[in-house]
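# Descriptive analysis of the structure
Spelled out, the chains give:
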Protein chains: 2
Amino acid sequence: MASKVRLYLDHPLAQGQTVQLPAAQAHYLSGVMRLPAGTVLSVFDGRSGEFDATILQANKRGGELEIGELTRPFQPPPDLWLAFAPIKKARTDFIVEKAVEMGAARILPVLTEFTNSERVRVDRLQAHAVEAAEQCGGTFVPEVAEPVKLAKLLDGWPGGRRLMFCDERLVGETGELPDLPGPWAVLVGPEGGFSQAERTRLRKLDGAHPVSLGPRILRADTAAVAALTLWQHRLGDWR
Amino acid sequence: MASKVRLYLDHPLAQGQTVQLPAAQAHYLSGVMRLPAGTVLSVFDGRSGEFDATILQANKRGGELEIGELTRPFQPPPDLWLAFAPIKKARTDFIVEKAVEMGAARILPVLTEFTNSERVRVDRLQAHAVEAAEQCGGTFVPEVAEPVKLAKLLDGWPGGRRLMFCDERLVGETGELPDLPGPWAVLVGPEGGFSQAERTRLRKLDGAHPVSLGPRILRADTAAVAALTLWQHRLGDWR
């Protein structure tokens, strides 16, 4: 019971088109998955929905697909950003994967005072976002932004975008998400938490809502999924 | 700013005791962390809370700690089990780690029709649960049970224990968790989902509540965190 291969194509799609495949994807279909010409896949472009596509030919140098019927309409995620402090490489990869599955529209690596991280490779994280979108059945691929310092991000914070930030010192306070629609962002701190200065700055931000994630200390990747769950359940496309 | 080392000790603890360390933990303190005698750690036994403990001596063959003040009372998690279908090794390890951070009281590997997994090493998973408890600041270590077939688990399902099961076909239905306290379990399916027969069986179980986790397909480790978040937020110790 093999399920259909699902590919993101960086090319606007429409039924009836013939699309050239880049060498890497053609090699994946022919050399890795060993799919013969005539095989039907699912493809999506991040803006037009999901289509059936038939392999016309594919080898390690390139290939061609014929785009068939629309199988799923384009479903953009809610206007929700996930901002997070990058941590160890494997955990950062996980956070990006989780953000895509959980339906974040934009992913922002943020450098905080206690961030202790190697250099962030945005191209690699973007490739992870594509893979996660292929895997989770979504029709959208969130952009991974260039890393930015938290202070700079807050200086230029867009008016009207609310910010849910997860503060492990909040246990006992209610910290319930308000039922306010519109653009939001979720901010998850590094494993050492936010500094006192950062916490003060965040609480003063217009539209900021501190939220507790329970009495145990969550790893950053766990916290990202938990925070996105609370938001999606209350305000997003899980309702 | 090094934070205190935190160790689980498989020994009932009380202030004023002198506790013998097994060789592995003594080696960790002396050889890996290079902590000299006199260093103060945090220790917990999974039932008495968390204590300060001073290293009297430690080398690779063994060591001794003196137990000091209680620093955190014992806080048992709510009576919530996490049942999940084991998947690839790394993901299974993650699910156990996440279950501990999220405050599950018992972790049950469950074999379903679409489970496609190597042999489950319960001792290794239990060690992961201990590490996660050390890391997340909890004072409790959930037991990892022996794997059991889903049909057998449901045949012997304890009366009065409600079951939240996460069904990816539920999108559109509400599937809200009822506000009913008491013993619960969360069941997360394998990446291929439940079979039709399993789904029917689950829906017929007394006290079963299907819940949707949104329009995208979540990996099993993501689904475990998301489901535990919904439960803890509504019925558990995040309230």
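Calculation rules
Residues numbered from 1 in each chain as written. Chains lettered and ligands numbered in written order. Predicted model: local features only at pLDDT ≥ 70, side-chain atom pairs only at ≥ 80, totals over all residues. Heavy atoms only, no water. Least-squares fit on C-alpha atoms with pLDDT ≥ 70 in both. Contact = heavy atoms within 4.5 Å. Pairing = 2+ DSSP bridges. Helix = DSSP H or I, 4+ residues; strand = E, 2+ residues; numbered from the N terminus. Axes fitted to C-alpha atoms, helices over the stretch in contact; angles between N-to-C directions. Buried area = accessible area lost by both parts, 1.4 Å probe. Salt bridge = Lys/Arg side-chain N within 4 Å of Asp/Glu carboxyl O. Nonpolar A, V, L, I, M, F, W, Y, C, P; charged D, E, K, R; others polar. Buried < 20%, exposed > 50% of the residue type's maximum accessible area, 1.4 Å probe, protein only. Arc of directions from axis to C-beta. UniProt positions renumbered as here; feature names shortened; annotations may be inferred. Phe/Tyr/Trp six-rings, centres within 6.5 Å; stacked < 30°, edge-to-face > 60°. Lys NZ or Arg CZ within 6 Å of the ring centre and 35° of its normal. 1 Å grid on protein atoms, 1.4 Å probe; cavity = no way out; pocket = protein on both sides within 12 Å on 5 of 7 lines; lining within 4 Å. Points joined across faces, edges and corners; volume = space filled by probe spheres on them. Right-handed = clockwise from strand over helix to strand, strands pointing away.

### Brief notes about the relation of the copies chain A and chain B
Superposing chain A onto chain B requires a rotation of 180 degrees together with a translation of 0.0 Å along the rotation axis, leaving an RMSD of 0.0 Å. Each copy turns onto its partner about a two-fold axis. Among all residues of chain A, the minimum C-alpha distance to the rotation axis is found for Ala226(A), at 2.9 Å. Comparing contact sets, 100% of the residues at the interface of chain A also lie at the interface in chain B, consistent with an isologous, same-surface contact.

### Brief notes about the sheet that holds strand β4 (residues 50–59) of chain A
All names here are of chain A. With mixed pairing, five strands are arranged side by side in an open sheet as β1-β3-β4-β5-β2. The open sheet has two edge strands, β1 (6–8) and β2 (18–21), and neither has a second partner. In this sheet, adjacent strand axes meet at a mean angle of 40 degrees when their direction is disregarded. Across eight bridges, the pairing between β4 and strand β5 (residues 62–72) is antiparallel. Within the sheet, the bridge partner assigned to Glu50 lies in β5 and is Arg72. Contacts from helix α1 (residues 23–32) reach β1, β2, β3 (40–44), β4 and β5 within the one sheet, and its direction differs from that of β4 by about 85 degrees. Against the sheet, helix α3 (residues 122–136) contacts β1 and β3, and its axis sits at roughly 145 degrees relative to β1.

### What to know about the interface of chain A and chain B
Chain A puts 32 residues into the contact, and the matching count from chain B is 32 residues. Of the roughly 3,000 Å² buried at the junction of chain A and chain B (both faces included), carbon and sulfur atoms supply 57%. The tally of links between chain A and chain B comes to ten salt bridges. For Asp237(B), the salt bridge goes to Arg216(A), with nearest N and O atoms at 2.9 Å. Where the side of chain A that touches chain B is concerned, the elements lending two or more residues are α2 (89–101), α3 and α6 (220–235) of chain A. The biggest single contributor to the side of chain A that touches chain B is α6(A), with eight residues. For the side of chain A that touches chain B, a count of residues per class yields twelve nonpolar, ten polar and ten charged.

### Some points on helix α1 (residues 23–32) of chain B
Residues and elements named next belong to chain B. Among the residues of α1, Gln25, Ala26, Leu29 and Ser30 are the ones counted as buried. Around the axis of α1, the buried residues are gathered within 115 degrees of arc, so they sit on the same side. Where α1 is buried, its residues contact β1 (6–8), β2 (18–21), β3 (40–44), β4 (50–59), β5 (62–72) and α3 (122–136). Following α1 by one or two positions, Arg34 has its phi on the positive side, about 55 degrees.

### Let's talk about the pattern of salt bridges
Between side chains of opposite charge, pairing is possible as soon as their charged atoms come close. All names here are of chain A. Counted according to the given criterion, the structure contains 32 salt bridges over all chains. Ionic pairing is found between Asp52 and Lys4, a salt bridge with its closest N-O pair at 2.6 Å. Highlighted residues: Asp52 in strand β4 and Lys4 in the segment before β1, separated in sequence by 48 residues. Looking at Asp52, the relative accessible area reads 22%, which means it is partly exposed. Using a relative accessible area of 45% as the deciding quantity, one classes Lys4 as partly exposed. Asp155 is paired through a salt bridge with Arg201; the nearest N and O atoms lie 3.0 Å apart.

### Section: the UniProt feature "domain: Ribosomal RNA small subunit methyltransferase E PUA-like" (unreviewed entry) in chain A
Here, UniProt's "domain: Ribosomal RNA small subunit methyltransferase E PUA-like" (unreviewed entry) annotation points to residues 21–67 of chain A. Span residues 21–67 of chain A is 21% helix and 47% strand, its end C-alpha atoms 12 Å apart.

### Quick word on unusual backbone geometry
Phi at Arg34(A) takes a positive value of approximately 55 degrees, unusual for a residue other than glycine. Of note, Arg34(A) is situated in the loop between α1 and β3.

### Focus: the packing of aromatic side chains
Residues and elements named next belong to chain A. Going through the model one piece at a time under the given rule, you end up with nine aromatic pairs over all chains. Above the plane of the ring of Trp81 lies Arg106, whose end atom (NZ or CZ) is 4.7 Å from the centre. Looking at Arg161, its charged tip hangs above the ring of Trp81, at a distance of 3.7 Å from the centre.

### Quick look at the sheet that holds β1(B)
Residue and element names in this part refer to chain B. Strand order across the open sheet formed by five strands is β1-β3-β4-β5-β2, with mixed pairing between neighbours. At either end of the open sheet lies a strand with only one pairing partner, and these are β1 and β2. With direction set aside, neighbouring strand axes in the sheet form an average angle of 40 degrees. The pairing of β2 with β5 spans four bridges and is antiparallel. Bridging across to β5, Val19 finds its partner in Leu65. The sheet strands contacting α1 are β1, β2, β3, β4 and β5, and the helix crosses β4 at an angle near 85 degrees. Helix-sheet contacts for α3 involve β1 and β3, and the interaxial angle to β1 is about 145 degrees.

### Side note on empty space enclosed by the protein
Considering all chains together, one arrives at two cavities of 30 Å³ or more under this definition. Looking at the second largest cavity, it is lined by 15 residues, and the ones nearest its centre are Arg216(A), Gln75(B), Gly138(B), Thr139(B) and Phe140(B). When the residues that make up the lining of the second largest cavity are grouped by side-chain class, the tally is eight nonpolar, five polar and two charged.

### Side note on the pairing of strand β7 (residues 106–111) of chain B
Residues and elements named next belong to chain B. Alignment of strand β6 (residues 80–84) against β7, held across four bridges, turns out to be parallel. Following the sheet pairing, Ala83 is matched in β7 by Leu108. In this fold, β6 hands off to helix α2 (residues 89–101), which returns the chain to β7; that crossover is right-handed. Relative to strand β9 (residues 148–149), β7 runs parallel, the two sharing two bridges. Paired with Val110 across the bridge in β9 is Val148.

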